[in-house]
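Residue-level structural notes
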Amino acid sequence: MKEKLKCPKMDVPNLLVVSLVVLVLARNLLPIPGIVSNMMIAGCGCLSFLYVFLKKYREKNMWKVIALALFLSVCMLCSIFYNHNASLGEVLWIWCFMGTALLLCWFEIDKTWFAYLFSLLAAYFLVCIVMCRNVNAILYGTSRNGIAALLLFLMLGVYLGQRKSEVIWYLPAALSVIISAWSLSRAGLLVSAFFGVAVLFYDFIIRKKGSIKRLVWTAGIMAVSFFLIMNVFPSNDSDVYSEDGDMRYVNEEYGNTEAESGSKTDGKNSVTIVNRFQGQGLKSTRLKIWSEYFWKMTHSAKEFFLGVTYKDGEFLKEYQNPHNGYLELHSKFGLFGFVTVMVLLLCAFWRECYRRDIFGVILFLTILMRAFFDWIVFPGYYDVLVWFFVFENVLIKRENDEKIQCVH
């Protein structure tokens, strides 16, 4: 590998970005009370927004971002007063994640930070695999699906720094596939596999700079790893109980969980991703949730314009979110917020294609695909990456608007 990790840059913008990412990790990996961790994350992100404003308030593009944040805040408030799907405090997430995205877009953020954090998180999960930790007891802020989502988030941050690199790394994508398979996340595995294949296609077919040697080493690591998680370290998918003996209940709403720290497993239920696919295939309760959401949305004008409420319905009442970032967008921001964001996403995607930034297109598609299966955006920590692409392509734009010459 020609490119090696170096000492990352340490200045105010870099430290603000790293602080938010570390706080998101702490929120999920440590038994910190939700209200405390949420306040720290929101405070850090809003401080980032304030920092960018103080540095860039003379530029008209800064005011475009502020106008968008204000508009989405009003949209969310309107939906809150109707369907109560969010709390008033969730309005801060809009400014929080936009603030960090602005830092990524406007300042020289050293992506080496993401490489170090990704390595630490992947190493932690690999230790959990060897220790046969219960996949349901590792994260405190969400379900086991969050394992793959959290790792993919950091991996995409790593590859943001690879867009102009001479050497494209294969190992981060491989680790994301392996750990997603162990966590039994079918959505995480499918999206990670898509990204891995797309990276190889880009490096070998588009750039024509792929390394057979590195590919063979990576494939060997994956083969050995899959053998181990299938035969030696299968996933422990046991139920998890709180200390009072009740079943641990995790609400996958961002930053909200009724699970308490100090959980214990009741027995061991070994299973593999192959068993998961054999037993369920691609069937998922998500399909029933989405169907119910669409039915309610099309049978009520208020819910069509202001977002579907979670207070009733067979599945929405139980899960309290539609397990789909775009339906979550509609439910939290209403029709006008939904249309505005979707138009911005389409514009950002079109501009990436127009500039022939193929690697950027792959990254953006991966983010949008992952958001399709879970609530990780609108609002959620993946918003940092979503708004980065929107700002870079639509509201702020790159200084050099010419097509990127990625085909050699």
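Sequence order as written defines the numbering, with residues in each chain counted from 1. It should be noted that, the model being predicted, local features are given only for residues of pLDDT at least 70 and side-chain atom pairs only at 80 or more, the latter also being counted only at that level, while totals for whole chains, interfaces and linings use all residues. As a rule here, side-chain values come from all non-hydrogen atoms in the structure, and water together with hydrogens is ignored.

Notes on the environment of Thr340
The following threshold applies: Elements are defined by DSSP. Helices are runs of H or I of four residues or more, strands are runs of E of two residues or more, and each kind is numbered from the N terminus.
Structurally, Thr340 can be placed in helix H14 (residues 325–354). For the pair Thr340 and Leu72, spaced 268 residues apart in the sequence, the C-alpha separation amounts to 8.8 Å.

Re the packing of helix H3 (residues 60–83) against helix H4 (residues 91–106)
Put simply, the test is: Note on definitions: angles span 0 to 180 degrees between N-to-C directions of axes, and those axes are lines fitted to C-alpha atoms, for helices only across the stretch in contact. Convention used here: angles under 35 degrees read as roughly parallel, angles over 145 as roughly antiparallel, angles from 65 to 115 as roughly perpendicular, and any remaining angle as oblique. Handedness of each helix crossing follows the sense of rotation of the near helix against the far helix: counterclockwise by less than a right angle gives left-handed, clockwise gives right-handed. By definition, residues are in contact when any of their heavy atoms lie within 4.5 Å. We call Asp, Glu, Lys and Arg charged. Ala, Val, Leu, Ile, Met, Phe, Trp, Tyr, Cys and Pro are nonpolar, and the rest, Gly among them, are polar.
Closest axis-to-axis distance for the H3/H4 pair is 9 Å, and the angle between their directions is 155°. When the interaxial angle is binned, H3 and H4 end up roughly antiparallel. The way H3 lies across H4 gives a crossing that is right-handed. Contacts from Asn61, Met62, Val65, Ile66, Leu68, Ala69, Leu70, Leu72, Ser73, Met76, Leu77 and Ile80 of H3 reach H4 at Val91, Ile94, Trp95, Met98, Leu102 and Trp106. Broken down by class, the residue content of the contact of H3 with H4 amounts to 16 nonpolar, two polar and no charged.

Looking at the side chain of Lys296
Filter applied, for reference: Only protein chains enter the area calculation, which uses a 1.4 Å probe; residues under 20% of their type maximum are buried, those over 50% are exposed, and those in between are partly exposed.
Counting through the fold element by element, Lys296 comes out in helix H11 (residues 285–298). Lys296 sits in the buried class, given a relative accessible area of 10%. Contacts of Lys296, omitting those with residues within four sequence positions, involve Glu303, Val308, Thr309, Asp312 and Leu316.

Quick word on the nonpolar core
Stated precisely, the cut-off is as follows: For our purposes a nonpolar core is just a set of buried Ala, Val, Leu, Ile, Met, Phe, Trp, Tyr and Cys residues, chained together by side-chain atoms within 4.5 Å.
Formed by 116 residues in total, the largest nonpolar core has its most connected members in Met98, Phe378, Tyr382, Trp387 and Phe391. Per-element tally for this core: the top contributor is H4, with 13 residues. If sequence neighbours within four positions are ignored, Phe378 has contacts with Gly325, Tyr326, Glu328, Leu329, Lys332, Phe333, Val341, Leu345, Asp383, Val386 and Trp387. Trp290, Met297, Val308 and Tyr310 belong to the second largest nonpolar core, which has nine residues in total.

Notes on empty space enclosed by the protein
The criterion, for reference: In the cavity and pocket records, a cavity denotes points on a 1 Å grid over the protein atoms alone where a 1.4 Å probe fits but cannot get out, a pocket denotes an open set with protein on both sides within 12 Å along at least 5 of 7 lines, and lining residues are residues with an atom within 4 Å of a point. Grid points are joined across faces, edges and corners, and a volume is the space filled by probe spheres set on the points.
Going through the model one piece at a time under the given rule, you end up with two cavities of 30 Å³ or more. Lining the second largest cavity, in full, are Leu72, Ile94, Leu329, Phe333, Val341, Phe378, Pro379, Asp383 and Trp387. Breaking the lining of the second largest cavity down by element, the ones donating at least two residues are H14 and helix H16 (383–395). Of the residues in the lining of the second largest cavity, the class split is eight nonpolar, no polar and one charged.

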